[in-house]
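For reference, the chains in residue letters:
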Amino acid sequence: MSTPPVRPLAELENPAEFIPRHIGITEADEHHMLSAIGEASRRALVDGIVPRSIARTSAMNLPPPATEAQALAELRAMAAKNKVFKSFIGQGYYGTLTPAVILRNVLENPAWYTAYTPYQAEISQGRMEALVNFQTMVCDLTAMPIANASMLDEATAAAEAMTLARRSVRSQSNTFVVAGDCHPQTIEVIRTRARPLGLEVVVANCADEWDQALSGEFFAALIQYPASSGWVQDWAPDVQRIHDKQAAAIVAADLLALTLLVPPGEWGADIVVGSTQRFGMPMGAGGPHAAFMACRDEYKRSLPGRLVGVSIDTHGNPALRLALQTREQHIRREKATSNICTAQVLPAVIASMYAVYHGPQGLRRIAQRVASYTAILARGLEHLGYSQAQRHGGTAFDTLSYKTGEHTQGIAARAVSMGANLRVAWDEYICISLDETTTRAEIELLWKIFAHPGQALPRIAEFENGIEPLIPQPLRRTSDFLTHPVFNTHHSETGMLRYIRALSDKDLALDRSMIPLGSCTMKLNATSEMIPITWPEFAHVHPFAPRDQLQGYAMLDEQLRAWLCQATGYAGISLQPNAGSQGEYAGLLAIKAWHESRGQAHRKVCLIPSSAHGTNPASAQMAGLQVVVTGCDANGNVDMADLKAKCEQHSANLACVMITYPSTHGVFEQPVKELCELVHAHGGRVYVDGANMNALVGLAAPGEFGGDVSHLNLHKTFCIPHGGGGPGVGPVCVVEDLVPFLPGHESAGIKSHGVGAISAAPLGNAAVLPISWMYCRMMGAEGLRQATEVAILSANYVSARLKDHYPTLYASPNGHVAHECILDLRPLKETSGVSAEDVAKRLIDYGFHAPTLSFPVAGTLMVEPTESETLDELDRFIDAMVAIREEIRRVERGEWPQDDNPLKHAPHTAAALLQGEWNHAYSREAGAAATGAGLPGRHAKYWPPVGRVDNVYGDRNLFCACVPVSAYE
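The shown structure was predicted, so the numbers you read here are calculated from the model rather than taken from an experiment.

Thresholds applied
- Residues numbered from 1 in each chain as written.
- Predicted model: local features only at pLDDT ≥ 70, side-chain atom pairs only at ≥ 80, totals over all residues.
- Heavy atoms only, no water.
- Helix = DSSP H or I, 4+ residues; strand = E, 2+ residues; numbered from the N terminus.
- Rg over C-alpha atoms; globule rule 2.2 N^0.38 Å.
- Buried < 20%, exposed > 50% of the residue type's maximum accessible area, 1.4 Å probe, protein only.
- Lys, Arg positive; Asp, Glu negative; His and termini not counted.
- Charge placed at Lys NZ, Arg CZ, Asp CG, Glu CD.
- Expected span 1.5 Å × (residues − 1).
- Bend = angle between axes of the 7 residues up to and from the residue.
- Phe/Tyr/Trp six-rings, centres within 6.5 Å; stacked < 30°, edge-to-face > 60°.
- Lys NZ or Arg CZ within 6 Å of the ring centre and 35° of its normal.
- Pairing = 2+ DSSP bridges.
- Axes fitted to C-alpha atoms, helices over the stretch in contact; angles between N-to-C directions.
- Contact = heavy atoms within 4.5 Å.
- Parallel < 35°, antiparallel > 145°, perpendicular 65-115°, else oblique.
- Left-handed = near helix turned anticlockwise from the far one by under 90°.
- Core = buried A, V, L, I, M, F, W, Y, C linked by side-chain atoms within 4.5 Å.
- Salt bridge = Lys/Arg side-chain N within 4 Å of Asp/Glu carboxyl O.
- Nonpolar A, V, L, I, M, F, W, Y, C, P; charged D, E, K, R; others polar.
- Polar contact = N/O pair within 3.5 Å; in protein donor to acceptor, adjacent residues only side chain to side chain.

Asker: Got a minute to help me understand the overall build of the protein in this structure?
Answerer: Looking only at helices and strands, one finds 32 helices and 24 strands in the protein. A compact globule built from 969 residues would reach a C-alpha radius of gyration of about 30 Å, and the protein, at 28 Å, matches this within 12%. If one aligns the C-alpha atoms of the protein with their principal axes, the spans along those axes are about 85 × 75 × 70 Å. Within the span of the protein, comprising 969 residues, buried residues form 64% of the whole. Within the protein, the 99 negative side-chain charges are centred at a point lying 2 Å from the centre of the 79 positive side-chain charges.

Asker: Hey, could you run me through helix 26 (residues 769–802) in this one?
Answerer: An α-helical turn contains 3.6 residues, so any two residues separated by three or four positions project in the same direction. Look at helix 26: only 37 Å from first C-alpha to last across 34 residues, short of the 50 Å you get at 1.5 Å a residue. Along helix 26, the sharpest kink reaches roughly 100 degrees, centred on Gly780. Along helix 26, 30 of the 34 residues are buried, which leaves the element largely enclosed by surrounding structure.

Asker: So what exactly am I meant to see when it comes to the packing of aromatic side chains here?
Answerer: Two aromatic rings are characterised by how far apart their centres lie and by the angle between their planes. The tally for this structure, following the rule as stated, stands at 21 aromatic pairs. A ring pair is formed by Trp231 and Trp235, whose centres lie 5.8 Å apart and whose planes are at 35 degrees; its orientation type is tilted. According to the relative accessible area criterion, Trp235 is buried, its value standing at 3%. Between Lys86 and the ring centre of Phe88, over which it is positioned, the NZ or CZ distance is 5.7 Å. We note Lys941 situated over the ring of Trp943; from NZ or CZ to the ring centre the distance is 4.8 Å.

Asker: I'm lost on the sheet that holds strand 17 (residues 626–630) in this one. Help?
Answerer: Taking strand neighbours across the sheet as the criterion, the 7 strands line up as 15-21-20-19-18-16-17 in an open arrangement whose pairing is mixed. For this open sheet the edge positions go to strand 15 (572–574) and strand 17, each flanked by a neighbour on one side alone. Along the sheet, successive strands turn relative to each other by an average axial angle of 20 degrees, direction set aside. Relative to strand 18 (residues 654–660), strand 16 (residues 605–609) runs parallel, the two being bridged by 3 bridges. Pairing of Val605 across the sheet is with Leu654, part of strand 18. Taken strand by strand, helix 21 (residues 580–597) contacts strand 18, strand 19 (685–689), strand 20 (709–711) and strand 21 (732–734), and its axis lies near 175 degrees from that of strand 19. This element, helix 22 (residues 615–622), spans strand 16, strand 17, strand 18 and strand 19 of the sheet and lies at about 170 degrees to strand 16.

Asker: Honestly, the packing of helix 6 (residues 100–107) against helix 17 (residues 493–505) in this entry has me stumped. Any pointers?
Answerer: The geometry of a pair of packed helices is captured by two quantities: the angle between their axes and the separation between those axes. Across the interface, helix 6 lies against helix 17 with an axial gap of 10 Å and an inter-helix angle of 15 degrees. Our classification of the angle between helix 6 and helix 17 gives roughly parallel. Relative to helix 17, helix 6 is oriented so that their crossing is right-handed. Between helix 6 and helix 17, the contacting residues are Val101, Ile102, Asn105 and Val106 on the first element and Glu493, Met496, Leu497 and Ile500 on the second.

Asker: What should I look at first to understand the environment of Glu704 in this one?
Answerer: The topology assignment puts Glu704 in helix 25 (residues 702–705). With relative accessibility at 43%, the residue Glu704 sits in the partly exposed group. Spatially, the C-alpha atoms of Glu704 and Thr870 are 33 Å apart, while their sequence positions differ by 166 residues. Those residues within four positions of Glu704 in sequence are excluded, and the remaining contacts are Arg56, Thr568 and Gly569.

Asker: Help me understand the nonpolar core in this model?
Answerer: Of all hydrophobic cores here, the largest spans 319 residues; its most connected members are Met137, Ile271, Met353, Leu422, Ile432, Phe450 and Tyr553. Top element by residues in this core is helix 14 (residues 345–383). It accounts for 22 residues. When sequence neighbours within four positions are dropped, the list of residues in contact with Tyr553 reads Asn82, Gly284, Ala285, Glu537, Phe538, Val541, Leu763, Ala766 and Ala767. The next biggest cluster of nonpolar side chains, apart from the first, holds 7 residues, and it includes Trp896, Tyr922, Ala926 and Ala928.

Asker: Sorry, what's going on with the sheet that holds strand 2 (residues 146–147) here?
Answerer: Taken in spatial order, the 7 strands line up as 2-8-7-6-5-3-4 in an open sheet, and their pairing is mixed. Both edges of this open sheet fall to strand 2 and strand 4 (200–204), since each of them pairs with a single strand only. Each of strand 3 (175–179), strand 4 and strand 5 (220–225) is contacted by helix 10 (residues 184–194), which is oriented at about 160 degrees to strand 4, the strand it contacts most. Against the sheet, helix 12 (residues 236–244) engages strand 5 and strand 6 (248–253), with an angle of about 145 degrees to strand 6.

Asker: What exactly am I supposed to notice about the pairing of strand 10 (residues 318–322) here?
Answerer: A regular strand places its side chains on the two faces of the sheet in alternate fashion. Strand 10 sits mainly inside the fold: 5 of its 5 residues count as buried. Alternating positions in strand 10 separate into two faces, Pro318, Leu320 and Leu322 on one and Ala319 and Arg321 on the other, with burial throughout. Relative to strand 10, strand 9 (residues 308–312) runs antiparallel, the two sharing 5 bridges. Directly across from Ile312, in strand 10, lies its bridge partner Pro318. Counting the residues in the hairpin turn of strand 9 and strand 10 gives 5 residues, including Gly316, whose phi is positive at 85 degrees.

Asker: Please explain the pattern of salt bridges as it appears in this structure.
Answerer: It is possible for side chains of opposite charge to pair when their charged atoms get near one another. Scanning the model with the defined rule gives 50 salt bridges in all. Close ionic contact of Glu886 with Arg889 constitutes a salt bridge, the shortest N to O distance being 2.5 Å. Of this pair, Glu886 and Arg889 are both found in helix 29 (residues 871–892), 3 residues apart, which corresponds to roughly one turn of the helix. Judged by its relative accessible area of 36%, Glu886 is partly exposed. Within the structure, one salt-bridge network assembled from shared partners comprises Glu30, Arg42, Arg43, Asp47, Arg52, Arg785 and Glu789.

Asker: Honestly, the pairing of strand 8 (residues 291–295) in this entry has me stumped. Any pointers?
Answerer: Burial analysis of strand 8 places 5 of its 5 residues in the buried class, which makes it a mostly covered element. Across 2 bridges, strand 2 lies against strand 8 in antiparallel orientation. What sits directly across from Ile146, in strand 8, is Cys295. Inspection of the sheet shows strand 7 (residues 271–275) paired to strand 8 by 5 bridges, in the antiparallel sense. Across the sheet, the residue bridging to Ile271 is Cys295, located in strand 8.

Asker: Would you explain the packing of helix 8 (residues 125–142) against helix 14 in this entry?
Answerer: Packing of helix 8 against helix 14 leaves a shortest axis separation of 8 Å and a crossing angle of 65 degrees. Between helix 8 and helix 14, the crossing angle belongs to the class labelled roughly perpendicular. Remark: the crossing between helix 8 and helix 14 carries left-handed chirality. When helix 8 is examined against helix 14, the residues Ala130, Leu131, Asn133, Phe134 and Met137 are found in contact with a partner set consisting of Val345, Ala348, Val349, Ala351, Ser352, Met353, Ala355 and Val356. Grouping the constituent residues of the contact of helix 8 with helix 14 by class yields 11 nonpolar, 2 polar and no charged.

Asker: Honestly, the side chain of Asn421 in this entry has me stumped. Any pointers?
Answerer: Within the fold, Asn421 resides in strand 12 (residues 420–421). Polar contacts involving the side chain of Asn421 include one to the side chain of Gln549, which spans 2.7 Å. If sequence neighbours within four positions are ignored, Asn421 has contacts with Phe85, Lys86, Ser87, Phe88, Ile89, Val416, Ala545, Pro546 and Gln549.

Asker: Help me out: how do you make sense of the side chain of Arg777 in this one?
Answerer: Within the element layout of this structure, Arg777 appears in helix 26. Judged by relative accessible area, Arg777 falls into the buried class, the value being 11%. Ignoring any residue separated from it by four or fewer positions in sequence, one finds Arg777 in contact with Pro63, Pro64, Pro65, Ala66, Ala71, Glu74 and Trp563.

Asker: Help me out: how do you make sense of unusual backbone geometry in this one?
Answerer: Note on backbone geometry: most residues besides glycine have negative phi, and most peptide bonds are trans. With omega at -10 degrees, the peptide bond leading from Tyr225 into Pro226 counts as cis. Residue position: Pro226 is located in the loop between strand 5 and helix 12. Phe855 connects to Pro856 through a cis peptide bond whose omega is 5 degrees. Topologically, Pro856 is positioned in the loop between strand 23 (852–853) and strand 24 (860–863).

Here it is, written out as structure tokens:
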């Protein structure tokens, strides 16, 4: 045996080792794929697809790639610059204890964090059961009849409640009243949202102002319960006054407090919003956290966001699905009630599991402990000479406020010197918030902070016996909650572990197979990228902590923004938007504010091609713009002649055009530079939707070829996991002259220049930003470019391999596509009766999540294979699609009836295949699809838990809470 040659040390160190771990295609694979496509090289393929007129002339200026270990070490050093002080700030963010069984088996488990939005109900039953638990939890604790499956954060939920109320009440007023003791960031986001809609926000900062506001005309009023500074009161008389004005009563409530307080639904609230952050999700400098919205039953068809409902499957068994789909923005477009197209599913799952694990008694015990410590703290501070703020009236759940006047800053500084953060409010008040992590030692620390020199400190033992919470007797909850068995069963770790596993086993996520969704980019979420999100230095810091305690986050923000500017060609970026829809909205507000700054506020026309994502017209409407639709030609491209005519028609009032590039149809449109020049010539700006940035990174940059604004989806192009439909991050990117109009955040000391806060926290979903930082750091410029090229290669390989079975609907003149291809299944309906939905459901039997169904063209499937998929997996998908086409041919030949074949009855459950009598025209073996398509010995068979779900039944019999156990018997 010969001795292997000695390799150079630099080669052995291999700083680019992560790149081939992220990219699933080897050099040998690439040659094979190019042969199938008919191209000589990857370079030739890409050059023939991406217009040379927009190609980058220089590479991105990024640090060279680092190994996983090196990147983690660098990020660990950055995280260490954050100071993890004990937070008593409150303001909607609290310390919480994530049960280890939930931390390890949900938050850190790819079976949960790599799942996609549950549009395909049959392979999403596990996560939807967790979301139904979430909805039930919210309904029970708020005493409201219906709740959605989560919102982006509490502040945006309150803003959505404002617009929901405006659509739903009889009052014709445009005035929205807000109690001044709501969380400041909530008030700020509400003001941002109200301005472009022409709504007036009246903030009542004292009792007299509140009384005066309720005496006038308004369409809704917002109350914080408990108040941001801590006091609680009976709001029933105020709610009656609000209703007397034909207006809506909106309550921002704390769910943990509602285990002890009379819930808003019992005193007449119309809409209740809030955050579930303290149900097991760390503060994370502001997110991600699942907010919630609950409302009266008559508002349910206008309820924004997602709603999981109970229906039945084809066998008559209970099955879950997304309900009331017609509310989705991609259907209603500019008539949409919201532009939200995602949620905070993973944090919502964690919150629901927290409630399942603790149960009603456990939650009540946690709340009682917090309330008791708050009462003890108040007694000790009284002993030291401090009296609660007058409006407190001696009431509180977890937060106390003291008017400390000229001593305020000194007390706050003394707290910092002792490793704690207090909240300074209204310049002369100190607020102290406790939580489930509070200890006896920390109560004593607080007394030490407030004590005057030489004062004897109180002792907890003096007060703890017989201590009563500071909740007035009439406001103490007497009604039951969380009575369903799911909240009263899984309290042992063994039971909880098995429940979590049972739910995840029902679902298909990236840890099982490829998810070939077009337009949604289900990229690998590498383990090394995910590790930092639970580091204490990132997870346990408050978003409104002093800036010098957030230096690690500041550095992360600065570096990631710089790298994303390199990728996009833009001059400035804000990471504040916590979803793509929010980034899109922020970008349009920036354009609008720029026009206003130039004395051209009349420019409100927004041109949008008919093929655009549904969020585009919905966001434009929210931003106060007038949507004008432009046409597309037979190839799905923007009709330049129609666009030119519309630009000329609306030249004096043109604000912008919104395009998606590459197009929604998966094609690089050639005249994009001409399009940008045309719009600019008429005084408008160009918004380039970043949904398809996965096909551009390293090859072309929107900020260079004429775009003025883009949003990115870090949960797509830059590897933040979809988490079953959230969390996300939607940075907004702008050219130089629009940088001043990026979102501000006055609550965090970030000045606004026309566009206020978009999200509750200044860095939005800050805790997941390390994922994208790790991805960029390990890939480097060349790795990112290679990822883009391989994504394009893979899409063209799928298109070429399937062309004889399913033609690709749109392509470039040379027959190639971008990073996704639309397979045209419409002719099959005529020849076999088989629809695109039938194929989508049949793919489940073969162990695949379906491609994007009927978007952007009805009767089609849009396929996007990411660069991380191996050739073996691509071939397995292709083999499955070919096998399904052969099944369709059997129907076309008359071997199987059009109404009784494996596609019409897909997906097939194990129970259905094992039933005693089989009356179908095809065999059980054919129904199972357990052989062929490369399955034997290579891939475990996935068995769907339910048959095809009846969508119509679910909407006609809307039920959105936990299913009674008897329904399964």
